[in-house]
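# Descriptive structure summary
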Amino acid sequence: MRGTGDLGLIVERAAGRVKLVETTGRSELASIDGLGDLSHASLVYSRDGRYAYVFGRDGGLSKVDLLRASVERRVIQAGNSIGGAISQDGRLIAVANYEPGGVRIFDAATLEPLAEVSTGAKVVGITDASGNRFVFSLFEAGEIWIVDASVPRAPRVEKIRNVGKQPYDGFVTPDGRHYIAGLFGEDGLALVDLWNPEAGARRILAGYGRGAEPMPVYKMPHLRGWAVAGGLAVLPAIGRNEVLLVDTATWREAGRITVHGQPVFAIAQPGGRRVWVNFAFPDNDTVQVIDLPTRRIVKELKPGRAVLHMEFTARGEQVWISSRDDDAVIVYDPASFAELARIRAEKPSGIFLTSRAFMTGF
Amino acid sequence: MAAADAAHVPAEPRRGELVNMVRQDCGSCHGLTMKGGLGPALLPSNIAAKDPEQLRFVILHGRRGTPMPPWSRFLSDAEAAWVVDLLRAGLPRD
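Residues numbered from 1 in each chain as written. Chains lettered and ligands numbered in written order. Predicted model: local features only at pLDDT ≥ 70, side-chain atom pairs only at ≥ 80, totals over all residues.

## Overview of the overall build of chain A
- A count of helices and strands for chain A gives 0 helices and 32 strands.
- For a compact globule of 362 residues, the expected C-alpha radius of gyration is about 21 Å, and chain A comes in at 19 Å, within 12% of that figure.
- Its C-alpha atoms give chain A principal-axis dimensions of roughly 50 × 50 × 30 Å.
- Here chain A, with 362 residues, has 56% of them falling under the buried criterion.
- Counting contacts in chain A only where the partners sit at least 6 residues apart, residues at least 24 apart contribute 42% of the total. (Helix = DSSP H or I, 4+ residues; strand = E, 2+ residues; numbered from the N terminus. Rg over C-alpha atoms; globule rule 2.2 N^0.38 Å. Buried ≥ 20, exposed ≤ 12 C-beta atoms within 10 Å, placed from the backbone. Contact = placed C-beta atoms within 7 Å.)

In structure tokens form, the structure reads like this:
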């Protein structure tokens, strides 16, 4: 018998496998196979932290039992999917699909399909919200939809139109109040106040590029897990080697910081003072650590080739970083930057610790 | 890859680097198995009817109005032509 609070899963994207790890001794416990195409895979946890719901590129939805280290159930629910979310009450799993475009809602216990919301466009940036709602963006359509699944077989859809060109991802702030979608097709982001969604989406940071031609983007930023700390939201500037700082009281720009490359993730270190940033190809061998009060880069790490993801333990005494092309996950002490452990993994991408089970937006 | 012009085929270790780049970095948008994602599917059946020269051009110069970036900083013309051959034949299993 054991708890799951110190467990996590690492996606081995090319092998269709996840590695079960624990953060107390920082070791690998098991490998779990048979999860299909895990390029761009993500997962969410059940509210008891026992099960992971893994969303695969091939449309597979797998329910993984961490205690038994096995796949309990698996369904192929669409042709091509990108991610998903678990409802506030933990009873529903929503999967965001590219092909056919839409969201499908499943019973979290049985993976029985309950409802389908067709969108006619690629669904990105899906998240849970209060009231058993799911919020997501439509890439081609430039819309944000809010689905109220409190009656799971009859979800109600509220559509916010004209939010901006080509939303590529979205996330909900840690307090659960605001949904922010990043825009690929224009400089700016779309903000929805979930206290007052009928007011629609508000454009923030419009024109942040100041008319300058953006650089080509070799990897889209990922917004889930982006840093909101100390009254600031840290957001990626698409096609620029910058992170943008936004005052979360006014949602106006509060500054910008030049970084090593185009940011992919910016993750707040628990405590809220520092933000860790990784970068798109070809600058993806580097991680920079930003000190928010001084707005300076206080550390630059070279964990390995093709750094794809960073995950902190809930109390922030460890950060786990995946290096795809070195086939390794490196664990650092964020205070001393000392390497604490190195775990072999085949082409690792996302690292998901079970503390996500208790957080809105994860 | 019988259709490939032998003169295009890069030598190792570059060839392996290119296959890894196609699978992993192109795969970020097109899927590790090229069955599509934010970017379109690039399986042999998806691109068989497309002009290889145009595919090479898109790889090198990108497509305006879409997220497809230009790769000419990282690939020579001949390497881009070889990547087109690779995609038309199907990526090797590993």
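## Description of helix α1 (residues 14–30) of chain B
All names here are of chain B.
- Along its length, α1 shows its largest kink, about 30°, at Met 21.
- All of the buried residues along α1 are Val 22, Arg 23, Gln 24, Asp 25, Cys 26, Gly 27, Ser 28, Cys 29 and His 30.
- Tucked inside the fold, the buried residues of α1 contact α4 (77–89). (Bend = angle between axes of the 7 residues up to and from the residue.)

## Examining the interface of chain B and chain A
- Contacts between the two partners involve 16 residues from chain B and, on the opposite side, 21 residues from chain A.
- Taken together, the residues of the side of chain B that touches chain A sort by class into 6 nonpolar, 8 polar and 2 charged. (Nonpolar A, V, L, I, M, F, W, Y, C, P; charged D, E, K, R; others polar.)

## Some details on the pairing of strand β24 (residues 263–268) of chain A
All names here are of chain A.
- For β24, the tally of buried residues reaches 6 of 6 residues, placing the bulk of the element in the interior.
- Bridging between β24 and strand β25 (residues 274–279) involves 4 bridges; their strand directions are antiparallel. Along β25, the bridge assignment pairs Ala 268 with Val 275.
- As consecutive antiparallel partners, β24 and β25 are separated by 5 residues, and within that stretch Gly 271 has a phi angle of approximately 115°, a positive value. (Pairing = 2+ DSSP bridges.)

## What about the confidence of the model for chain B?
Residue and element names in this part refer to chain B.
- Chain-level statistics for chain B give a pLDDT mean of 89 and a share of 91% at 70 or above.
- Averaged over each element, pLDDT in chain B is lowest for α1 (92) and highest for helix α3 (residues 52–61) (97).
- For this predicted complex, the interface score ipTM comes out at 0.85, alongside a pTM of 0.94. (pLDDT = per-residue confidence, 0-100.)

## Quick look at the packing of α3 of chain B against α4 of chain B
Residues and elements named next belong to chain B.
- Closest axis-to-axis distance for the α3/α4 pair is 9 Å, and the angle between their directions is 120°. As summarised for this structure, α3 and α4 are arranged oblique, according to the angle between their axes. The handedness of the crossing between α3 and α4 comes out as right-handed. Residues Pro 52, Leu 55, Arg 56, Ile 59 and Leu 60 of α3 form the contact with α4, whose own contacting residues are Asp 77, Ala 80, Ala 81, Val 83, Val 84 and Arg 88.
- Grouping the constituent residues of the contact of α3 with α4 by class yields 8 nonpolar, no polar and 3 charged. (Axes fitted to C-alpha atoms, helices over the stretch in contact; angles between N-to-C directions. Parallel < 35°, antiparallel > 145°, perpendicular 65-115°, else oblique. Left-handed = near helix turned anticlockwise from the far one by under 90°.)

## Structural notes on the sheet that holds strand β4 (residues 42–45) of chain A
Residues and elements named next belong to chain A.
- Strand order in the open sheet made by the 4 strands is β4-β5-β6-β7, with antiparallel pairing throughout. The open sheet has two free edges, formed respectively by β4 and β7 (70–76), since each of these has just one partner strand. Taking the axes of each pair of neighbouring strands and ignoring which way they run, one obtains an average angle of 20° across the sheet.

## As for unusual backbone geometry
Residues and elements named next belong to chain A.
- Cis geometry is found at the peptide bond from Glu 99 to Pro 100, where omega equals -10°.
- Mapped onto the fold, Pro 100 is located in the loop between β9 (92–99) and β10 (102–107).
- Note that the residue after Phe 281, namely Pro 282, is joined by a cis bond; omega there is 5°.
- Positioned with a positive phi, His 40 is a non-glycine residue whose angle comes to about 60°.
- Its 24 C-beta neighbours within 10 Å are what place His 40 among the buried residues.

## Examining α4 of chain B
Residue and element names in this part refer to chain B.
- Under the 1.5 Å per step criterion, the end-to-end length of α4 is 19 Å for 13 residues, consistent within 8% with the ideal 18 Å.
- Buried residues of α4: Glu 79, Ala 80, Ala 81, Trp 82, Val 83, Val 84, Leu 86 and Leu 87, and no others.
- Those residues of α4 that are buried are in contact with α1, α2 (44–47) and α3.
- Directly beyond the C-terminal end of α4, a positive phi value near 100° is found at Gly 90. (Expected span 1.5 Å × (residues − 1).)

## Here's the deal with the environment of Asp 51 of chain B
- In this structure, Asp 51 of chain B sits in the loop between α2 and α3.
- Overall, Asp 51 of chain B belongs to the exposed group, with 10 C-beta atoms counted inside 10 Å.

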